[in-house]
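Analysis of the macromolecular model
The residues making up each chain are set out below.
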Amino acid sequence: MLVKSLELAVVIPTFNEAGNVAELVRRLDVALAGRAWEAVFVDDASPDGTARILRDLARQDRRIRVIERIGRRGLSSACIEGMLATGAPLIAVMDADLQHDPAVLIRLEAALAADPDLDLAIASRFAEGGGTGDWERERLAKSETANRIAQLVLKAELSDPLSGFFMIRAGRFRELAPRLSGIGFKILLDLLTAARRPLVFAEVPLQFHRREVGESKLDHVVALEFLLALYDRVFGRYVPTRFAMFAVIGAIGVVVHMALLGLTYGLAGFGFLPAQATATLGAMTFNFFLNNALTYRDRRLHGTRALLRGWLSFCAVCSVGALANVGVAAFLFEERYAYATVSALAGIMVAAVWNYALSSRFTWGR
Ligand code: GDD
Ligand code: MN
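Just so it is clear, the structure is predicted and the values come from calculations on it, not from any experiment.

Cut-offs and rules
Counting starts from 1 at the beginning of each chain's written sequence and moves along it residue by residue. Starting at A for chains and at 1 for ligands, labels are handed out in the order in which the entities are written. This being a predicted model, a pLDDT of at least 70 is required before a residue's local features are given, and a value of 80 or more before pairs of side-chain atoms are given or counted; all residues contribute to the totals for chains, interfaces and linings. Segments assigned H or I by DSSP are reported as helices when at least four residues long, segments assigned E as strands when at least two residues long, and all are numbered from the N terminus. Here exposure depends only on C-beta density: within 10 Å of a residue's C-beta, 20 or more other C-beta atoms make it buried, 12 or fewer make it exposed, and intermediate numbers make it partly exposed, the C-beta atoms being placed from the backbone. The contact criterion used is a C-beta to C-beta distance within 7 Å, with each C-beta placed from the backbone. In this scheme, strands are said to pair when DSSP sees at least two bridges between them. Only the stretch in contact is used when a helix axis is fitted, and all axes are lines through C-alpha atoms; the angle between N-to-C directions ranges over 0 to 180 degrees. Residue proximity rests on one test: whether the C-beta atom, placed from the backbone, lies within 6 Å of the molecule or strand. Basically, the charged four are Asp, Glu, Lys and Arg, the nonpolar ten are Ala, Val, Leu, Ile, Met, Phe, Trp, Tyr, Cys and Pro, and anything else, Gly included, counts as polar. When describing relative orientation, an angle under 35 degrees is termed roughly parallel and one over 145 degrees roughly antiparallel, while 65 to 115 degrees is termed roughly perpendicular and anything else oblique. Crossings are sorted by hand: turned counterclockwise from the far helix by less than a right angle, the near helix makes the crossing left-handed, and turned clockwise it makes it right-handed. For the domain bounds, the source is a domain assignment made automatically or taken from a database.

1. Considerations on the overall build of the protein chain
Along the backbone of the protein chain there are 12 helices and seven strands. By principal-axis analysis of the C-alpha atoms, the protein chain measures approximately 80 × 45 × 40 Å. When the 366 residues of the protein chain are sorted by exposure, 36% land in the buried category. Contacts in the protein chain between residues at least 24 apart in sequence constitute 76% of all its contacts with a sequence separation of at least 6.

Given below as structure tokens:
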């Protein structure tokens, strides 16, 4: 029997899309009639059982594949893993929530087929003939701001750099894959900025549909991740993103410390020692939770036991860090290597690197 070789893979990240995936598969089947295609779903162990539903679908239909990731979250990294898992020469990425019309896949494919120089075809909500459906003004404004920042970094003329719907030639993707950051939401932006030889792209208009079932995962943390991904691109090779994040949170921790000290020592009339101890503990706790939610979002500790263990190990690491801080600063100052402020800064730097290195190994390590 002659089997037509695989032409197209559609990579679909999912998180809590139990109500959408069966309908999406139905629509893919219609839209891609006559093509040899497969769908690679990448699910981050959705609590609503999306992966189980996908596996049921996969048993009935060999074109459906499922990658389930446990203990991990992230749209970009899910897309990358799905894209790496296929042998198809063309790879598309789209959302699972029916906001992306599968009929557009054929138009993306046609664009690539028409011009061998093209690496990438992007479904754009802001191209002539596209649209954002019934978005409220606020979402439009946010999207516009993000767009503008992205275009600044990209220095490329494209109308929708944050689109989550595109098709790329597999060879070109594999070339870029080792350089992708995998942070956050913006896989397309990641691809575009990773390319040393700029990607040649075309845009196809997309009418973005409203989400009928389930809810968007684009929250404030995701917006922050977007900024982080940009930081990573521009400065990441000088100061690693995670460390920068850790350091900024540490600096906010100093503010928290001072505020607590003011409250306990200044207002409540604690002695200096208990006040300082309270402030230190408070600041460490604040830093622990913020780092857990942001810096280590992808390996976040959940549940009382894990949080308690993490908090204890974080406090232990930071206590040693504080000793190192004082030790280094005192040494530099007393041996007259540096002025007081410079000595203090050096102590802080040493402690920051120490805290970062050890907490990433022991508190959030695997
Ligand atoms: N595996 C995995 N892990 N999938 C995820 C995760 C995650 O952490 N977060 C979201 N997804 C999946 C969703 O299930 C959905 O299929 C798709 O990624 C898009 O997520 P939504 O939460 O529906 O995003 P949106 O509709 O608000 O955002 C869309 O528009 C943005 C631009 O405004 C997406 O197309 C984005 O990619 C796009 O940048
Ligand atoms: Mn959506």
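Here the narrative resumes, following the displayed structure.
2. Regarding the sheet that holds strand E6 (residues 166–169)
A sheet is described by the order of its strands in space; here seven strands give the open sequence E3-E2-E1-E4-E6-E5-E7, paired in mixed fashion. The two strands at the open ends of the sheet, each matched to only one other strand, are strand E3 (64–68) and strand E7 (201–205). For this sheet, the mean angle separating the axes of adjacent strands, direction not counted, is 20°. Summarising the sheet, strand E1 (residues 8–14) and strand E4 (residues 90–93) pair through four bridges and their orientation is parallel. The residue bridging Val10 from the neighbouring strand is Ala92, located in E4.

3. A short note on the site of ligand 1
Close to ligand 1 lie 22 residues; Pro13, Ala78, Ala96, Gly164 and Ser216 are nearest. Those elements giving two or more residues to the shell around ligand 1 turn out to be E1, strand E2 (37–43) and helix H3 (75–84). Its residues placed into classes, the shell around ligand 1 shows nine nonpolar, six polar and seven charged.

4. Section: the packing of helix H9 (residues 241–267) against helix H10 (residues 272–295)
It is at 8 Å that the axes of H9 and H10 come closest, and there the two elements cross at 150°. One finds that H9 runs roughly antiparallel with respect to H10. In the crossing of H9 with H10, the sense of the turn from one axis to the other is right-handed. Tallied by class, the residues present in the contact of H9 with H10 amount to 14 nonpolar, 11 polar and one charged.

5. Examining the domain arrangement of the protein chain
Each assigned domain of the protein chain is listed here: domain 1 (8–236) and domain 2 (241–363). At the interface, nine residues of domain 1 touch six residues of domain 2. Grouping the constituent residues of the side of domain 1 that touches domain 2 by class yields four nonpolar, two polar and three charged.

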